[in-house]
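# Coordinates in review
Below are the chains, spelled out letter by letter.
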Amino acid sequence: MDDRDGLIWLDGKWVEWREAKVHVLTHTLHYGAGVFEGLRAYKTEQGTAIFRLAEHTDRLFRSAKILNMTIPYAKEELNQAHCEAVSKNNLETAYIRSMCFYGSEGMGLRADNLQVHVMIAAWQWGAYLGVENMERGIRVRTSSYTRNHVNSTMCKAKANGNYINSILALQEALATGYDEALLLDHEGFAAEGSGENLFIVRNGKIYTPETTSALEGITRDTVITIAREQGLEVSEKRITRDEIYVADEAFFTGSAAEVTPIRELDGRSIGNGTRGPITEKLQTLYFDYVHGRRADHQEWLSYV
Ligand code: PMP
C-alpha cells in the first residue's frame, strides 16, 4: 500500500505517497482514538463523482465531536481535498480514506498537548467482497464476538478503536471459511457486519436493525431512501438471528461493500440461496445512482 506513486493530502499539503509517514509514537497508533471515513468515487457520464461526500464529511465531524476531537479544517476545505485526492491521482474510480488522528506530540492517556492531524488518500479498489459475490451472494457466520456495547465505545462514531471488534469478528469468519461476520448486540439482536449494515426482506417488506449498536451507514440511508421512493416498505426494528435464517432475502450495505447479497447465514440458505429480486432491484438502483444514471438525487454526486 505504501510503495506506489501518487499524492496524499496530509495536514493541508500534498505529500508524495511514499513520504506520507508518521512517527512510531503517534498517539492514535497506540490507543486507537481517531476517526475516519471510507468513500467511493464512480465514473459518470459527466466525469468522476464522489458519492455522498457531504454526508461522509458530516459524519467525520460528528465522530470527532463524540471523541472530543477538534478537526482543524473547515468541511469545505476537506471536501475540496477529497475531490483533489481523486483528480491529482488521475483516478476515474476510487476508494477514498480520510482520517483524523492525534500526533506524536505527547504519549500516555493523559497527553493533552496533542495535535489533530488529517490525511486523505485515494486509490483504485474493486468490489470489497468480490465481483462474483455481487450476484451470487456471500456466506456469513454469526460472530462469537458481541458488537461493541453502546456504552463501551461510541457506536455513532466511526472511530479507529471500534474496529478491533470488527477485525476479531472478520478474522474468525474468514478462518472458519465464511466471507463475512454478523455481529449481534449485547442483547443478542443483529447489529451489523464487520463493516456493513444489515437488511432483510420478508414477505416483500424490508427490515433493518436500528442504529443503537450499528453505525449510521450512509449506504443504509441511501438504500432506505431509494427503496421508499420505489414504494417499498422499510422498517427499522430489532432483528433476531433466526429471523434472518427464515428471511426471503438478506443483504449488507456499505460504501466499500455497496449492496452485497447474503446467500447464507450459519449454514442456512437464505431464501433460494442466491440474490433475491428485491436485493437485485435495490442493488441495480444503487449502482445507477452512484454512476449518475438517474436524473434525481444529483445532490448525491460531487464531481471532482
Ligand atoms: N457499519 C460499519 C461498522 C462500517 O464500518 C461501515 C462502513 N463505513 C458501515 C456499517 C456502512 O457505512 P457506510 O454505508 O456509511 O459506508
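Residues numbered from 1 in each chain as written. Predicted model: local features only at pLDDT ≥ 70, side-chain atom pairs only at ≥ 80, totals over all residues. Heavy atoms only, no water.

## Concerning helix 8 (residues 277-290)
What counts, and what does not: Helical segments are the DSSP runs of H or I of at least four residues, strand segments are the runs of E of at least two, and each set is numbered from the N terminus. The span you would expect from a helix comes to 1.5 Å times its residue count less one. In this scheme, a residue with accessible area under 20% of its type's maximum is buried, one over 50% is exposed, and one in between is partly exposed, where area comes from a 1.4 Å probe on protein chains only.
Compared with an ideal rise of 1.5 Å per residue, which puts 14 residues at 20 Å, helix 8 spans 20 Å between its outermost C-alpha atoms and is within 8% of the ideal. Extensive coverage of helix 8 is indicated by the burial of 10 of its 14 residues. Positive phi appears at Gly292, one or two residues downstream of helix 8, with a value of about 65 degrees.

## Observations concerning the environment of Asp185
Rules: Should any heavy atoms of two residues lie within 4.5 Å, those residues are counted as being in contact. Whenever a nitrogen or oxygen atom comes within 3.5 Å of another N or O atom, the pair is scored as a polar contact, on the condition that within protein one atom can donate a hydrogen and the other can accept it, and that pairs from neighbouring residues in sequence are kept only if both atoms are in side chains.
With respect to the secondary-structure elements, Asp185 resides in the loop between strand 8 (180-184) and strand 9 (190-193). In this structure the C-alpha to C-alpha distance between Asp185 and Asn148, which are 37 residues apart in sequence, comes to 7.3 Å. For Asp185, the contacting residues outside a window of four places in its chain are Thr146, Arg147, Ala191 and Ser213. A polar contact of 2.9 Å, which involves the side chain of Asp185, links it to the backbone nitrogen of Glu187.

## Here's the deal with the packing of helix 6 (residues 218-229) against helix 8
Between two packed helices, both the angle of their axes relative to each other and the distance between the axes serve to describe the pair. Let me state the cut-off plainly: Between the N-to-C directions of two axes lies an angle of 0 to 180 degrees, each axis being a line fitted to C-alpha atoms and, for a helix, fitted only over the stretch in contact. Between 65 and 115 degrees an angle is taken as roughly perpendicular, under 35 as roughly parallel, over 145 as roughly antiparallel, and anywhere else as oblique.
Viewed as axis vectors pointing N to C, helix 6 and helix 8 meet at an angle of 110 degrees, and their least axial separation amounts to 10 Å. In this view, helix 6 runs roughly perpendicular relative to helix 8, as classed from their interaxial angle. In this structure, helix 6 uses Thr219, Thr222, Val223, Ile226, Ala227 and Glu229 to contact helix 8, whose residues at the interface are Leu282, Leu285, Tyr286 and Tyr289.

## Quick look at the site of the ligand
Our working rule: Near is defined per residue: the residue qualifies when any heavy atom it owns lies within 4 Å of the molecule or strand. For accessible areas, the Shrake-Rupley method is used with a probe of radius 1.4 Å. Any residue's cover is judged against the shown protein chains and nothing else. Three classes are used: nonpolar for Ala, Val, Leu, Ile, Met, Phe, Trp, Tyr, Cys and Pro, charged for Asp, Glu, Lys and Arg, and polar for all others, with Gly counted as polar.
Around the ligand sit 16 residues in total, of which Tyr163, Glu192, Ile218, Thr219 and Ser255 are the nearest. One of the backbone nitrogen or oxygen atoms of Ile218 is found 2.7 Å away from an oxygen atom of the ligand. Between Ser255 and the ligand, the recorded distance is 2.7 Å, taken from a side-chain N or O atom to an oxygen atom. Across the complex, the protein chains shield 95% of the 380 Å² of accessible surface that the ligand would expose by itself. Class assignment for the residues of the shell around the ligand results in three nonpolar, eight polar and five charged.

## What about the sheet that holds strand 1 (residues 7-10)?
To be explicit about the condition: For two strands to pair, DSSP has to find at least two bridges joining them.
The strand order 2-1-6-5-3-4-16 describes an open sheet built from seven strands, whose pairing is antiparallel. The sheet is open, and its two borders are formed by strand 2 (13-16) and strand 16 (301-303), each paired with just one other strand. Ignoring strand direction, the axes of neighbouring strands in this sheet form an average angle of 30 degrees. In this fold helix 2 (residues 53-66) packs onto strand 3 (34-44), strand 4 (47-51), strand 5 (94-102) and strand 16, with an angle of close to 175 degrees to the strand it touches most, strand 3.

## Quick notes on the domain arrangement of the protein
To keep it simple, the criterion reads: Note that domain bounds follow an automatic or database assignment of domains. Two parts placed together each lose some accessible area under a 1.4 Å probe, and adding up what both lose gives the buried area. A pair is scored as a salt bridge if a Lys or Arg side-chain nitrogen falls within 4 Å of a carboxyl oxygen belonging to Asp or Glu.
Its domain assignment divides the protein into domain 1 (7-123) and domain 2 (133-290). The partner domain 2 presents 20 residues to the 22 residues of domain 1 that form the contact. Here domain 1 packs against domain 2, burying approximately 1800 Å² in sum over the two surfaces, 58% of which is carbon and sulfur. The largest per-residue losses of area from domain 1 upon contact with domain 2 belong to Phe36, Phe51 and Arg59, which jointly make up 32% of the total buried on that side. Connecting domain 1 to domain 2 are three salt bridges.

## So, the packing of helix 2 against helix 3 (residues 75-88)
Applicable threshold: Handedness of a crossing follows from how the near helix is turned relative to the far one, being left-handed for an anticlockwise turn of less than a right angle and right-handed for a clockwise one.
Where helix 2 meets helix 3, the closest approach of the two axes is 10 Å, and the angle between their N-to-C directions is 125 degrees. The angle between helix 2 and helix 3 falls in the class oblique. The two elements helix 2 and helix 3 meet at a crossing, and its hand is right-handed. Residue-level inspection shows Leu53, Thr57, Asp58, Leu60 and Phe61 of helix 2 in contact with helix 3, the latter providing Lys75, Leu78, Asn79, His82 and Cys83. Among the residues making up the contact of helix 2 with helix 3, the classes are represented as five nonpolar, three polar and two charged.

## Comments concerning helix 3
In this model, helix 3 (14 residues) spans 20 Å end to end at C-alpha, consistent with the 20 Å of a helix rising 1.5 Å per residue. Looking at helix 3, one finds that the buried residues are Leu78, Asn79, Ala81, His82, Cys83, Ala85 and Val86.

## Re the pairing of strand 9
The sheet contact formed by strand 8 and strand 9 spans three bridges and is antiparallel. What sits directly across from Leu183, in strand 9, is Glu192. Linkage of strand 8 to strand 9, two consecutive antiparallel strands, is achieved through a turn of five residues, within which Gly188 is found at a positive phi near 95 degrees.

## Let's talk about the pairing of strand 13 (residues 249-254)
Of all the six residues making up strand 13, six are buried; the element is thus mostly covered by neighbouring parts of the structure. Pairing of strand 10 (residues 197-202) with strand 13, which is carried by five bridges, proceeds in the antiparallel orientation. Residue pairing across strands places Ile200 opposite Ala250, the latter belonging to strand 13. Where strand 13 meets strand 14 (residues 258-265), four bridges bridge the pair, whose relative direction is antiparallel. Note on strand 14: the bridge partner recorded for Thr253 is Val259. Where strand 13 folds back on strand 14, the antiparallel hairpin that results is connected by three residues.

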